[in-house]
Amino acid sequence: MMNFIIPIFSAALPEIFILCMASLILLIDVCLTERRRIMTYSLVQLTLMATFFLVMMQYREYSHPIITFSGHYVVDKLAILTKLFVLGTSFFAFIYARQYIQDRHISRGEYYILGLFAVVGMLVMASAYSFLSIYLGLELLSLSLYAMVALQKESAVATEAAMKYFVMGALASGLLLYGISMLYGATGGIEIVAVGDVLHNGSQQHLVVVFALIFILSGLLFKFGAVPFHMWVPDVYDGAPTSVTLFIASAPKIAAFCITMRILVQALPTFSVIWVPILIVIAILSMFSGNLLAIAQTNIKRMLAYSSIAHIGYTLLGLVAGPRSTTGYSAAMFYITTYVIVAAGAFAMIALLSKQGVELDQLDDYRGLNARSPWLAFMMLLLMFSMAGVPPTVGFFAKLGLLEALVEAHYVWLAALALLFAIIGAYYYLRIVMLMYFEEPREALMKQPISIAPGVMTAITLNGVVALALGLLPSGLIDICRVSLG
């Protein structure tokens, strides 16, 4: 019995630890005065660092996949990499959020604790190996995010965004759960391996599985924010406090990508002939709508929201190429990872430049930023260049990897179309660079000095430098992102 418990405890140690710490920090935060809320922030960050260390230990210890909890939980390379990226991104997201939520009197303790529970949900999603554990992790993440969007209670815009997010998120969860129930009815199992084996043997009702696939894809694409389930993205990104937008736009994308890989590549590979054409259509629509609608925006948060829709379209191209390419899934993993790093930095810049009572979320607010703070303008330039795919930033190699995978999979026409959309998308990123370097700042902004804490300045500098360094030396991260689930 003890020999059975120890592997389970060891495999789920990071999740057990962070869940216990989240519960403990919740109790501690209740007893703290407002001035001592710094302790909550410190404990949360220490918890993330300790969990990161525990996951690194798993990375060194487990040379092959470990399946436990009666087939509902797995520790493999995809799970470990997803957890490391989620923990690292969340750590920096909390650093960027600290001053922002303090200036706006947003409930600090609640923000960090909800964020920590959201991280627990993402870690569960990373190791989920059945549709039950996938759904549990996804709902823990979603419920935490709904509450985080509504934390700024005095803001009618934030409250409206939270309601929209909750209603549409509940609908998407219902679609996903209905699809899972149909798949269970057709195959008699909910474990990823069991479902995959039954479908491989062909002993199932084909039509029922197709309907289940459509419902499951609908739920997953909502979490991604891909067309046609993208309606919530601009409203939530714009209405939520920027610190919350930063969190939503980063780590959850990686977790959503992980469960999509589990479901499509491991549970439903025999139905790739059906889900690949669907993803092609969705990817094209996402790239088209996201890039064109982003051009028309004057609010930078809405612009980045629509651009995120386009970037999800590019990520889906890796999944499209995967069944016929040796690098498709790895290219998609590399792309979503680098996008999350850059997107976190872009939203962090908005949060850092916004002062109490003043949100610098209009494009005109970034006119002449180089005259006000040359270093921040240079960091923003690196981030925008990376999003646009301009060499030598990492975004260039991320897009290049996807295009190579598409060509290898004989989707040359799709690679050409993706390249065309990338050229269109470069316009609105380079427009921000033009405003920062070739326009004069507004007089009202020139009178406001930019003061950022040294620790936060170090974090945003690291964010921008990483976007450049990974572009100059991308091979290390490319090798790390090589995943094989077939």
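Just so we're clear, the structure is a prediction, and the values are computed from it rather than from any experiment. (Residues numbered from 1 in each chain as written. Predicted model: local features only at pLDDT ≥ 70, side-chain atom pairs only at ≥ 80, totals over all residues. Heavy atoms only, no water.)

*Asks:* Which residues make up the pattern of salt bridges, and what values do they have?
*Replies:* Applying the stated criterion across every chain yields a total of nine salt bridges. Across the pair Asp76 and Arg262 runs a salt bridge, and its minimum N-O distance is 2.8 Å. Residue Asp76 is located in the loop between β2 (73-75) and α4 (77-103), and its partner Arg262 is located in helix α12 (residues 251-267); the two are separated by 186 residues in the primary sequence. Given the relative accessible area of 9%, Asp76 is considered buried. When its relative accessible area of 0% is taken as the criterion, Arg262 is described as buried. (Salt bridge = Lys/Arg side-chain N within 4 Å of Asp/Glu carboxyl O. Helix = DSSP H or I, 4+ residues; strand = E, 2+ residues; numbered from the N terminus. Buried < 20%, exposed > 50% of the residue type's maximum accessible area, 1.4 Å probe, protein only.)

*Asks:* Explain the packing of aromatic side chains to me, and be specific about the residues and the numbers.
*Replies:* Within the structure shown, the criterion is met by 20 aromatic pairs. For the ring pair Phe222 and Trp232, a centre distance of 5.3 Å and an interplane angle of 40 degrees mean the geometry is tilted. With Phe222 in helix α9 (residues 206-224) and Trp232 in helix α10 (residues 232-239), this pair connects stretches of sequence that are ten residues apart. One exposure class covers both Phe222 and Trp232, and it is buried. Chaining the aromatic ring pairs together yields one cluster made of Tyr146, Tyr165, Phe166, Phe222, Trp232, Tyr237 and Phe347. The ring of Tyr41 carries Arg98 above its face, with NZ or CZ at 5.1 Å from the centroid. Over the aromatic face of Tyr314 sits the side chain of Lys399, whose NZ or CZ is 5.0 Å from the ring centroid. (Phe/Tyr/Trp six-rings, centres within 6.5 Å; stacked < 30°, edge-to-face > 60°. Lys NZ or Arg CZ within 6 Å of the ring centre and 35° of its normal.)

*Asks:* Which residues make up the environment of Lys83, and what values go with them?
*Replies:* As for its placement among the helices and strands, Lys83 is situated in helix α4. Given the relative accessible area of 0%, Lys83 is considered buried. Lys83 has contacts with Glu15, Val55, Gln58, Tyr73, Leu123, Ala126 and Ser127, leaving out every residue within four places of it along the chain. (Contact = heavy atoms within 4.5 Å.)

*Asks:* Can you break down the confidence of the model for the chain residue by residue, with the values?
*Replies:* The predicted model of the chain has a mean per-residue pLDDT of 86, with 93% of residues at 70 or higher. Put simply, helix α1 (residues 2-11) is where the chain has its lowest mean pLDDT, 54, and helix α14 (residues 300-321) is where it has its highest, 92. In this model residues 1-6 is a low-confidence stretch, pLDDT under 50, and it forms zero contacts with partners more than four residues away in sequence or in other chains. (pLDDT = per-residue confidence, 0-100.)

*Asks:* Can you break down unusual backbone geometry residue by residue, with the values?
*Replies:* The residue after Val227, namely Pro228, is reached through a cis peptide bond having omega 5 degrees. By secondary structure assignment, the location of Pro228 is in the loop between α9 and α10. Of note, the phi angle at Phe69 is positive, near 55 degrees, even though the residue is not glycine. Structurally, Phe69 is set in the loop between β1 (66-68) and β2.

*Asks:* Go over a nonpolar patch on the surface, please, and point to the residues and values.
*Replies:* On the surface, Leu143, Met163, Phe166 and Val167 cluster together into a nonpolar patch covering about 400 Å² of accessible area. At three residues, helix α7 (residues 156-187) tops the list of elements feeding residues into the nonpolar patch. Tracing the chain through its elements places Leu143 in helix α6 (residues 131-149). (Patch = residues over 30% accessible without salt bridge, like charges linked within 9 Å, V, L, I, M, F, W, Y side chains within 5 Å. Areas by Shrake-Rupley, 256 points an atom, 1.4 Å probe, with all protein chains shown as cover.)

*Asks:* I'd love a proper account of the nonpolar core, names of residues and values included.
*Replies:* In this structure, Tyr111, Phe131, Phe247, Leu268, Trp275, Tyr314 and Met384 are the most contacted members of the largest nonpolar core, which totals 185 residues. No other element matches the 20 residues that helix α15 (residues 328-353) contributes to this core. (Core = buried A, V, L, I, M, F, W, Y, C linked by side-chain atoms within 4.5 Å.)

*Asks:* Which residues make up the packing of helix α17 (residues 374-388) against helix α19 (residues 412-438), and what values go with them?
*Replies:* Between two packed helices, the angle of one axis relative to the other and the distance separating the axes together describe the packing. Interaxial distance between α17 and α19 falls to 9 Å at its minimum, and their mutual angle equals 175 degrees. Comparing their axes, α19 and α17 come out roughly antiparallel. Residues Pro374, Ala377, Phe378, Met380, Leu381, Met384, Phe385, Met387 and Ala388 of α17 touch α19, and the partners they reach there are Ala422, Ala426, Tyr429, Leu430, Ile432, Val433, Met436 and Tyr437. Here the contact of α17 with α19 is built from residues that sort into 17 nonpolar, no polar and no charged. (Axes fitted to C-alpha atoms, helices over the stretch in contact; angles between N-to-C directions. Parallel < 35°, antiparallel > 145°, perpendicular 65-115°, else oblique. Nonpolar A, V, L, I, M, F, W, Y, C, P; charged D, E, K, R; others polar.)

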